Amino acid sequence: MSEPLLKLSGLDAHYGDFQALFGVDMEVAKGEVIAIIGANGAGKTTLMRSISGLLPNRSDQVTFKDQPIGSLRADQVAYAGIALVPEGRQLFKSLSVEENLKLGGTVARDGPWSLEAVYDLFPILRERRNQPSTSLSGGQQQMVAIGRALMSNPELILFDEISLGLAPVIIKSIYQALPNIISGGMTAVIVEQDITKALAVSSRVYCLQEGRVSLTGRVEDITRDQITAAYFGLAA
Amino acid sequence: MIEWVNAIVQGILLGGLYALFAAGLSLIFGVMRLVNIAHGDLIILAAYLGLSTTTILGIHPFVALLIVMPAMAGIGYILQRGLLNHTLGGDILPPLLVTFGLSVIVQNALLEGYTADPQKLNAGAVETASIAVGELSLGVLPLLTFGMAVAVIAGLQWIFYSTALGRGFRAVSNNQDIAQLMGLNKAHVFGLAMALALAVTAIAGILLGVRTSFDPAIGGGRLIFGFEAVIIGGLGNSWGTLAGGVILGVAQTIGAKIDPGWQVLAGHIAFLVVLAVRPNGLFPRVEH
């Protein structure tokens, strides 16, 4: 295997005295789609915050394109080429749909994504472009959040719980759009509680349990029983 | 009767100056939830910078703005990145205490550098020029001040709602973490917001210095007027701030008309009445 695009080496994360991640090792190759699954509180969102620079790490704990980025600020990580679609969408409420997307384009790396490309991916957003972002339905807000992350033309995109709180039909349409996003050679890490959805689009999976990797492997090699055991910490 | 009309018109024009005191205060609070206790003293600092510029270079105070505005903007950026950013966080108390300390330092530095003697900026004929409108006589300087206030607020609105910089201000104000994820360094954005606020302060300081005499101790009073204008108008609403300044100005001139000793008191009473009746101000910003 060639040198991975993203590499985590012994990543720890703390919130004050509480330790949320314990020595997480992970490798993501260019073009791969990785699923990260785990129960509530397993550390999935913490892992996303650590990679994206919102939580400070030791420099060598996160490597991206052979560069140590663990101690960079979130804005510097964004310029390096990593974008996060945050849990709960978190749109800027005083900005319109289009302003949210333009703000996502602050980093403006070279690549296929532009306002027009995002509107082609999610045509409903073109109609709603001048509306306040909070006036949209949950699913449409999620489209804005995804579009906003794409606008920076990242090499690695992190999706944190993109189906959380959405109706099944909306989740389906968002997951149908994912191949279009990833086919451009983009690498993706998908955090998801809905295991079936996550495994359907990814090639490898990491399962987190209480801040540690409890299972990892290729999707086709892993059985449901193994996942259940790794997910809940039951003896396999 | 005409005297009362005159008092009201003069009050409206005076309100322009108060709106200029308030605009920077409101901008800073809006972007980073920082209450800058030193704001009034920074206005006076700008007036003194205007004084030095006009005396050293022998230029008109309004021309001096070309130097004082960038100077204050630079001071604002450095102040924010070097000091105030370190006070921001979950707690509202550290920035209050630090800006209070800054206020004391600025006052005493001005006292040391310029003495306690009252000073004034000399703008020449424009100070006494007036235009007759019917039976009223309107001073050119107050008209200019009011026009400047309208222009500044319109300009700030334009920056906030029509430029990438303003988009960044609003995004950081909404959610600092997510804005950082999008590649905006909040430390830099805050620095730019303070630079913009103090550039406005430069305008306020020069116009104040041309209108009345000033000394290092009067910053606190300007801060109060600015605060009152912001609160009367409603937090986060720039045009509301102008309205707040006008209401404060009119209350003061009407108070002064009744009894010259009541000028400042009447302004405070108007402020308290608004606070009692509409605690969020007259035109609070509607959150979508």
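Just above, that's the structure.
What counts and how
- Residues numbered from 1 in each chain as written.
- Chains lettered and ligands numbered in written order.
- Predicted model: local features only at pLDDT ≥ 70, side-chain atom pairs only at ≥ 80, totals over all residues.
- Heavy atoms only, no water.
- Helix = DSSP H or I, 4+ residues; strand = E, 2+ residues; numbered from the N terminus.
- Buried < 20%, exposed > 50% of the residue type's maximum accessible area, 1.4 Å probe, protein only.
- Contact = heavy atoms within 4.5 Å.
- Phe/Tyr/Trp six-rings, centres within 6.5 Å; stacked < 30°, edge-to-face > 60°.
- Lys NZ or Arg CZ within 6 Å of the ring centre and 35° of its normal.
- Buried area = accessible area lost by both parts, 1.4 Å probe.
- Salt bridge = Lys/Arg side-chain N within 4 Å of Asp/Glu carboxyl O.
- Polar contact = N/O pair within 3.5 Å; in protein donor to acceptor, adjacent residues only side chain to side chain.
- Nonpolar A, V, L, I, M, F, W, Y, C, P; charged D, E, K, R; others polar.

A. Just the environment of V31(B), in detail. Residues and elements named next belong to chain B. Position of V31 relative to the elements: it lies in helix 1 (residues 2–32). The buried category is assigned to V31, whose relative accessible area is 2%. Here V31 is in contact with F160, F169, S173, F190 and A193, once residues within four sequence places are set aside.

B. Here's a closer look at the packing of aromatic side chains. Considering all chains together, one arrives at seven aromatic pairs over all chains under this definition. Ring geometry for Y18(B) versus F21(B): centroids 5.9 Å apart, planes at 35°, classification tilted. In this pair, Y18(B) and F21(B) are both assigned in helix 1, three residues apart and thus about one turn of the helix distant. Accessibility classification places Y18(B) together with F21(B) in one group, the buried group. One aromatic cluster in this structure is built from Y18(B), F21(B) and F225(B). Seen from the ring of F22(A), R212(A) lies directly overhead, with NZ or CZ sitting 4.1 Å from the centre. Over the face of the ring belonging to W4(B) we find K257(B), whose NZ or CZ atom lies 5.7 Å from the ring centre.

C. Structural context of the interface of chain B and chain A. Counting residues at the interface gives 18 residues for chain B, matched by 24 residues for chain A. When the buried area of chain B at its contact with chain A is split by residue, R167(B), L181(B) and M182(B) rank highest and sum to 35% of it. Inspection of the chain B/chain A interface yields two salt bridges. One salt bridge connects E99(A) with R170(B), and the closest N-O pair in it is separated by 2.6 Å. Linking chain B with chain A are six residue pairs in polar contact (both at pLDDT 80 or more). At the level of secondary structure, the elements contributing two or more residues to the side of chain B that touches chain A comprise helix 6 (164–174) and helix 7 (176–181) of chain B. Taken together, the residues of the side of chain B that touches chain A sort by class into seven nonpolar, seven polar and four charged.

Any link to function would need more than the numbers given here.
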